[in-house]
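Residue-level structure breakdown
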Amino acid sequence: MARRSGSIWTGCGTVFLKEFADHLRSGRMRVLEWLVLLTGIGAIYTAIQDLKTTTSQDPFLFLRLFTDSHDPLPSFMAVLGFLIPLVAIGLGFDAINGEFNRRTMSRILAQPIYRDALLLGKFFAGIATIAVALTTLWLLIIGFGLLTLGIPPTSEEVMRGFAFLVVAIAYGGFWLAVAILCSVIFRAAATSALVSLGLWLLMSILWPLLSRFLTSAIFPTTPMSLLVGPSYQEIIVQQTLARLSPNTLFAESMMGLLHPSTRALGPVFMDQLQGAVMGNPLPLAQSLILVWPQVTSLIAGVIVLFVAAYIVFQRQEVRA
Amino acid sequence: MSEPENIIVAKGLRKLYGRHVAVDGIDLTIRRGEIFGMLGPNGAGKTTTILMLLGLTEASEGSVSVAGFDPMRQPLDVKRHVGYLPDSVGFYDNLSARVNLRYTGRLAGIPHSQLDDRIDDALLRVRLLEVAGRKVGTFSHGMRRRLGLAEVMMKRADVAILDEPTSGLDPQATFEFLEMIRGLRSDNIAVLLSSHMLDQVQAVCDRVALFKSGKIALEGTVDELSQKVLGGGYNLEIEATGDDLPKLLAQVPGVQRVTHSGGGKYSLVAAHDIRNELGKAIFASGGMLMRLDHVEPSLDTVYRHYFEDYHGAA
């Protein structure tokens, strides 16, 4: 078949602007933002209480704003890992089926645009909304930190903080793509929301347990393993399984970026530690190299999910 | 460059959904400046045909040209020249009528400088200008339909495709809506209208195609159709009493067909005006004649006769 004429980008900008404006004005977004803000402030506040009493020397005091936890509240990083998916799903679960249910789909597609433009515009609008929300939150926290801690962050801390922001947005993109895929597959918005939320719970709560369970099924406990601990293969298998969840990838990237002293995310042999100065922070570039596989896997996941949504959408009949 | 006279040309259009044939070989030619009606029961393939003309559904076989473009290969060019009012039209309820139109207007690529003027113009024509700033969520069914028509007008397309434009409207709203559709004729565009409301189609359409099981069963002006189906005869309606009236009527010279339409009413098809002869025959037999009318063929009769014959044959 001959190539179709015209650009897939025609109308993409219009869809983007409309969806972006809708997101920013919607009550749904406001609720989600307050949720993130309040839990975030709670986590940060306790972290600051702890930091104020710390007397030890830490070159990365500012980053500990994000990572320190104080019972019963989790760290800010953990809060984000849990809540970003919720925000992304909230933005995307009715992206496509909502147009069908409002009966606006055939009217929109009768305009001179390709379906690509609609899907891309909606996806980018969702990403932009997440980016705006996270950047605002990030700046607020830095401001809050400056006020309460009274010390400015170093340039490396700012760089690491910025890398963290980028990864957090990519992580949001992953869940947005999941939600949009569900919104293409399921005609009812409620079903789409339930399925995406189900996946989120599976990935964030059940999967860590499941991956451990599966590993122990593959490597049954032997008297030998009780003595010397798990074998190298067992650790690798368990880690690989765990990394199928985007939450693991996100948590590992956060670990590498916000804890500069992290040297490896997998098992390390004794001989590899020879000559290493334990507890000494890695330079930023080395930390980036460390988390690079995790970040690229996340982005690859976004692309795969988006392509799946695209293919399903292209094959759908316009008639509801 | 001269505009092509035939703005929509479809040849041998077929659409299969799995093994189900939705549209089975349709040939269609629609000229600029005419209102073309697509008639037929639900599921006869009207909407599927429309979607194929728009390039929203891929045709399984056949070729289409709309305003000189192929909907499969150049869908954007086709959609630029076609305004479409879907059978179930919806808007963003949380946005005002004007903002809704502005969104589709931008998608349609209408230049920014002209957009607001065109929207005002279109809203004025469908008499929604006063409520342009109101949220569409507060609009009635009829107002949404009119807003949909305003969108088609705003686009200033060469072809307007209206799918069941008056379904679900009350009689007054239907009448007004048909007036607006007739107003489109002055724009020198082609209007393609699908409906199963026969009287409405007859009221506005220049030519009609009768859809039946994915095929065009009949095509032409209402007069031509009645010629074909009713045999080009002279239609009479009689209300009379008498013994064995149908037989008696059928024996009158010139009568081609007699149908009993309930009570003492009969419809006749005759070769020429035989009102005089009929009257005489009835009086001669001692019957009583209550009414004897010559009726203009309505699409309704054509339609019913056609599908009666069809079912009779089946």
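Computed from a predicted model, the values in this text were never measured in an experiment. (Residues numbered from 1 in each chain as written. Chains lettered and ligands numbered in written order. Predicted model: local features only at pLDDT ≥ 70, side-chain atom pairs only at ≥ 80, totals over all residues. Heavy atoms only, no water.)

Right, let's talk about the overall build of chain B for a bit. Secondary structure assignment for chain B yields eleven helices and 13 strands. Buried positions account for 50% of the 314 residues belonging to chain B. Partitioning the contacts of chain B with sequence separation of at least 6, the portion at a separation of at least 24 is 68%. As displayed, chain B offers around 13700 Å² of accessible surface, 49% of which is attributable to carbon and sulfur atoms. Considering chain B, the positive charge centre built from 36 side chains and the negative charge centre built from 40 side chains are found 5 Å apart. (Helix = DSSP H or I, 4+ residues; strand = E, 2+ residues; numbered from the N terminus. Buried < 20%, exposed > 50% of the residue type's maximum accessible area, 1.4 Å probe, protein only. Contact = heavy atoms within 4.5 Å. Areas by Shrake-Rupley, 256 points an atom, 1.4 Å probe, with all protein chains shown as cover. Lys, Arg positive; Asp, Glu negative; His and termini not counted. Charge placed at Lys NZ, Arg CZ, Asp CG, Glu CD.)

With that settled, consider the overall build of chain A. When helices and strands are counted, chain A shows 13 helices and zero strands. Helices and strands appear in chain A in the N-to-C order α-α-α-α-α-α-α-α-α-α-α-α-α. With the C-alpha coordinates of chain A rotated into their principal frame, the extents come out at 65 × 55 × 35 Å. Buried positions account for 48% of the 320 residues belonging to chain A. Carbon and sulfur atoms form 70% of the exposed surface of chain A, whose accessible area is close to 15600 Å². One finds the centroid of the 20 positive side-chain charges in chain A at a distance of 14 Å from the centroid of its 16 negative side-chain charges.

Once that is clear, we can look at the domain arrangement of chain B. All names here are of chain B. With domains assigned, chain B is organised as domain 1 (6-220) and domain 2 (229-313). Placing the centre of domain 1 and that of domain 2 at their C-alpha centroids yields a distance of 39 Å. Of the residues lining the interface, 13 residues belong to domain 1; the matching set on domain 2 comes to ten residues. When the buried area of domain 1 at its contact with domain 2 is split by residue, Leu198, Gln202 and Lys212 rank highest and sum to 53% of it. Counting the contacts that link domain 1 with domain 2 gives zero salt bridges. (Domains from an automatic or database assignment. Buried area = accessible area lost by both parts, 1.4 Å probe. Salt bridge = Lys/Arg side-chain N within 4 Å of Asp/Glu carboxyl O.)

The interface of chain A with chain B comprises 31 residues on the first partner and 33 residues on the second. When the buried surface of chain A facing chain B is broken down by residue, Arg107, Pro112 and Arg319 of chain A rank first, second and third, together holding 24% of it. Counting the contacts that link chain A with chain B gives one salt bridge. Between Glu151 of chain B and Arg107 of chain A there is a salt bridge, with its nearest N and O atoms 2.2 Å apart. Where chain A meets chain B, there are ten residue pairs in polar contact (both at pLDDT 80 or more). Going through the elements one at a time, helix 1 (12-25), helix 6 (105-109) and helix 7 (115-149) of chain A are the ones with two or more residues in the side of chain A that touches chain B. Residue classes in the side of chain A that touches chain B are distributed as eleven nonpolar, nine polar and eleven charged. (Polar contact = N/O pair within 3.5 Å; in protein donor to acceptor, adjacent residues only side chain to side chain. Nonpolar A, V, L, I, M, F, W, Y, C, P; charged D, E, K, R; others polar.)

What follows deals with the packing of helix 1 of chain A against helix 7 of chain A. All names here are of chain A. With their axes 8 Å apart at the nearest point, helix 1 and helix 7 run at an angle of 40° to one another. Considered as vectors, helix 1 and helix 7 are oriented oblique to each other. The handedness of the crossing between helix 1 and helix 7 comes out as right-handed. Touching Cys12, Val15, Phe16, Glu19, Phe20, His23 and Leu24 of helix 1 are Ala117, Leu118, Leu120, Gly121, Lys122, Phe124, Ala125, Gly126, Ala128, Thr129 and Val132, all from helix 7. Split by residue class, the contact of helix 1 with helix 7 holds twelve nonpolar, four polar and two charged. (Axes fitted to C-alpha atoms, helices over the stretch in contact; angles between N-to-C directions. Parallel < 35°, antiparallel > 145°, perpendicular 65-115°, else oblique. Left-handed = near helix turned anticlockwise from the far one by under 90°.)

On to the sheet that holds strand 2 (residues 20-31) of chain B, then. All names here are of chain B. Taken in spatial order, the three strands line up as 2-1-4 in an open sheet, and their pairing is antiparallel. Edge strands, defined here as strands with exactly one partner in the open sheet, are strand 2 and strand 4 (61-66). Looking at each pair of strands side by side, their axes are set apart by 15° on average, direction ignored. Examined bridge by bridge, strand 1 (residues 6-17) and strand 2 share nine bridges and lie antiparallel to one another. (Pairing = 2+ DSSP bridges.)

What follows concerns the pattern of salt bridges. Going through the model one piece at a time under the given rule, you end up with 30 salt bridges over all chains. We note a salt bridge from Asp68 of chain A to Arg64 of chain A, for which the minimum N-O separation is 3.2 Å. As a salt-bridge pair, Glu176 of chain B and Arg127 of chain B come within 3.9 Å of each other at their nearest N and O atoms. With Glu176 of chain B in helix 6 (residues 171-184) and Arg127 of chain B in the loop between helix 4 (112-125) and helix 5 (141-155), the pair connects residues that are 49 residues apart, well separated along the chain.

Before going further, it helps to spend a moment on the side chain of Glu19 of chain A. Residues and elements named next belong to chain A. Here Glu19 shows up in helix 1. At 3.0 Å, the side chain of Glu19 and the side chain of Lys122 are in polar contact. Discounting chain neighbours no more than four positions away, the residues touching Glu19 are Glu99, Lys122 and Ala125.

So, on to the sheet that holds strand 10 (residues 234-241) of chain B. Residue and element names in this part refer to chain B. Taken together, the four strands give an open sheet; going across it, the order is 11-12-10-13, and neighbouring strands pair in antiparallel fashion. Because the sheet does not close on itself, it has two edges, and the strands there are strand 11 (255-260) and strand 13 (288-294). When strand polarity is set aside, the average angle formed by the axes of neighbouring strands in this sheet is 25°. Across the sheet, helix 10 (residues 275-284) touches strand 10, strand 11, strand 12 (265-270) and strand 13, and the angle it forms with strand 13 is around 165°.

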